[in-house]
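The primary structure of each chain is shown beneath.
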Amino acid sequence: MKTLPPPSEMYRALVARDATYDGSFFAGIRTTGIFCRPGCGARKPLRENVEFFATASDAEKRGYRACLRCRPLEPALAPPPWAEKLLALAERAREDRVTALDLRREGIDPARAARWFRARYGMTFQSWMRSRRLVGALERIRGGAPVTSAALTSGFESESGFRDAFVRLFGVPPARAAAEGKDVLRVRWIRSPLGPMLAAAGGAGVCLLEFVDRRSLKTQIATLRRHFPLPVVPGTNDALDQLAEELEEYFAGERSTFDVPLLSRGTPFQASVWKLLREIPPGATRSYADLARELGRPTAVRAVARANGDNRLSILIPCHRVIGSDGSPTGYAGGIWRKQWLLAHEREMTHATST
């Protein structure tokens, strides 16, 4: 069951129109009969006129209607304006240091920035920026630059401070990382018609693709780091560029399968389930019971469902093609509405191809 923040914290976020809490809870307004996201710009009610819900469906079950202003049933297709400003600042800074004072000068609360980045990238804004500077330094060292020069060019005040930060991220000193060709997991946002997605890939392929508002994203990132004990840094690589291109073609109805290399480490049982998922044709569905029978374990329906939910490669390993035995589109962590959209999209592509 989803754990809600304390009521006092939720009400404070609602009054402050704090969009960093969007997805954490929904607020039902008793006086109007509507429910909203925390970041909604509508006039705020008194505390006694508000009740809080973990999901939009919970609010609907209590008889509340979706707010027409913040549209809580629709995905957030873009970061809020203040976060767009934060991302622009990060891009301008590149390998320069960005301090809490720099953020405040831009009208951005450092704690808010840290919370927003941690929810969407699994690290704080400062960790994100430090990682990018360290990767830039590693690339300079690989290009022949002395360690001292790379440290100072990357915004570190001393070589010793640079070395300490580098070892914490990469696990080895700079020169050794350069000599060993140390790999990293690059992470980036990819926009989609269903909301932004977070993708991660190493040199050998993509290992994470999830909607950023998925409630278990933090858990997925933690599991990812256990299976891939590599530094996680912002940026892109060939696999992520290929993924972005193929996803654009998929959502445009021009592609129903993917060629980008995938890295899907898990237990042997999870791997067997994920293999079956990739064998389900676009436009088709299977039930959890069907998959259990195909594995020769007809009583392992719940275990199959858990493995389905542990899939870290949304769309690429098509867990959305698995439905309940009664045909209902149940059990999709990205949201049932997304599952319905993806299935309808693939059926339409399949129909267009066959006619």
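For the structure, see preceding data.
Just so you know, these numbers come straight off a predicted model, no measurement behind them.

Moving on to the packing of aromatic side chains. The full count for this structure, using the stated rule, is 13 aromatic pairs. On the numbers, 6.0 Å between centres and 70° between planes, the contact of Trp82 with Trp116 is edge-to-face. One end of the pair, Trp82, is in helix α3 (residues 81-93); the other, Trp116, is in helix α5 (residues 110-121), and 34 residues separate them in sequence. We note that Trp82, like Trp116, is buried. By the ring-pair criterion, three or more aromatic residues cluster together here, those being Trp82, Trp116, Phe117, Phe125, Trp128 and Trp189. Residue placement shows Arg133 over the ring face of Phe156; its charged tip is 4.4 Å from the ring centre.

As a further point, take helix α11 (residues 238-251). With 14 residues, α11 extends 20 Å from end C-alpha to end C-alpha; this agrees with the ideal 20 Å at 1.5 Å per step. For α11, the side-chain oxygen to backbone nitrogen distance between the N-cap and Ala239 is 3.3 Å, and the N-cap itself is Asn237. Of the residues trailing α11, Gly253 is marked for its positive phi of about 80°.

On to the sheet that holds strand β8 (residues 232-234). With mixed pairing, the four strands of this open sheet are ordered in space as β7-β6-β5-β8. Single-partner strands in this sheet number two, and they are β7 (205-211) and β8. Put simply, the sheet's adjacent strands are angled 30° from each other on average, direction ignored. Pairing of strand β5 (residues 185-190) with strand β6 (residues 197-202) involves five bridges; the strand directions are antiparallel. Within β6, the residue paired with Ile190 across the bridge is Met197. Against the sheet, α11 makes contact with β5, β6 and β7, and its axis sits at roughly 25° relative to β5, the strand it touches most.

Our next topic: the nonpolar core. Judged by nonpolar contacts, the single largest core of 38 residues is most densely connected at Val206, Leu243, Leu277, Ile315 and Leu316. At the level of elements, β6, β7, α11, α12 (268-278), α13 (288-294), α14 (301-309) and α15 (336-354) are the ones that each hand at least two residues to this core. Here this core gets seven residues from one element, more than from any other, and that element is α11. Ignoring anything within four residues of it in the chain, the contact list for Leu243 reads Ile190, Ala199, Val206, Leu209, Val260 and Leu316. Counting residues in each nonpolar core, the second largest holds 28 residues, with Met129, Trp189, Leu208 and Ile221 among its members.

So, about the pattern of salt bridges. What the rule picks out here adds up to 16 salt bridges. Here Asp18 ties to Arg12 by a salt bridge, and the two come within 3.8 Å at their closest N and O atoms. Note on Asp18: relative accessible area 6%, which makes it buried. Taking the shortest distance from any N to any O, the salt bridge between Asp241 and Arg188 comes out at 3.1 Å.

What counts and what doesn't
One numbering rule holds for all chains: residues counted from 1, following each sequence as written. It should be noted that, the model being predicted, local features are given only for residues of pLDDT at least 70 and side-chain atom pairs only at 80 or more, the latter also being counted only at that level, while totals for whole chains, interfaces and linings use all residues. With hydrogens and water set aside, each side-chain value is computed from the structure's full complement of heavy atoms. Stacked, tilted and edge-to-face pairs are distinguished by plane angle, under 30 degrees for stacked and over 60 for edge-to-face with tilted covering the rest, among Phe, Tyr and Trp rings (Trp via its six-membered ring) whose centres lie within 6.5 Å. Helix and strand labels come from DSSP, where a helix needs a run of H or I of at least four residues and a strand needs a run of E of at least two; each type is numbered from the N terminus. Here's how the labels work: a residue is buried when its accessible area is under 20% of the maximum for its type, exposed when over 50%, partly exposed in between, all with a 1.4 Å probe on protein chains only. Lysine NZ or arginine CZ positioned within 6 Å of the ring centre and within 35 degrees of the ring normal marks a charge as sitting over the ring. Expected span of a helix, by definition, is 1.5 Å for each gap between consecutive residues, and there is one gap fewer than residues. Residues adjacent in sequence count toward polar contacts only when both atoms are side-chain atoms; beyond that, a polar contact is any pair of N or O atoms within 3.5 Å, and within protein one must be able to donate a hydrogen and the other to accept it. Here the rule is simple: two strands pair whenever DSSP picks up at least two bridges between them. Axis lines are fitted to C-alpha atoms, over the contacting stretch for helices. Their N-to-C directions set the angle, which ranges from 0 to 180 degrees. Note on contacts: a residue pair is in contact if any heavy atoms of the two residues lie within 4.5 Å. We define the nonpolar core as a collection of buried residues of types Ala, Val, Leu, Ile, Met, Phe, Trp, Tyr and Cys that are connected through side-chain atoms lying within 4.5 Å of one another. Salt bridges are counted wherever a side-chain nitrogen of Lys or Arg sits within 4 Å of a carboxyl oxygen of Asp or Glu.

Such coordinate-based values are descriptive only and should not be taken to indicate function.
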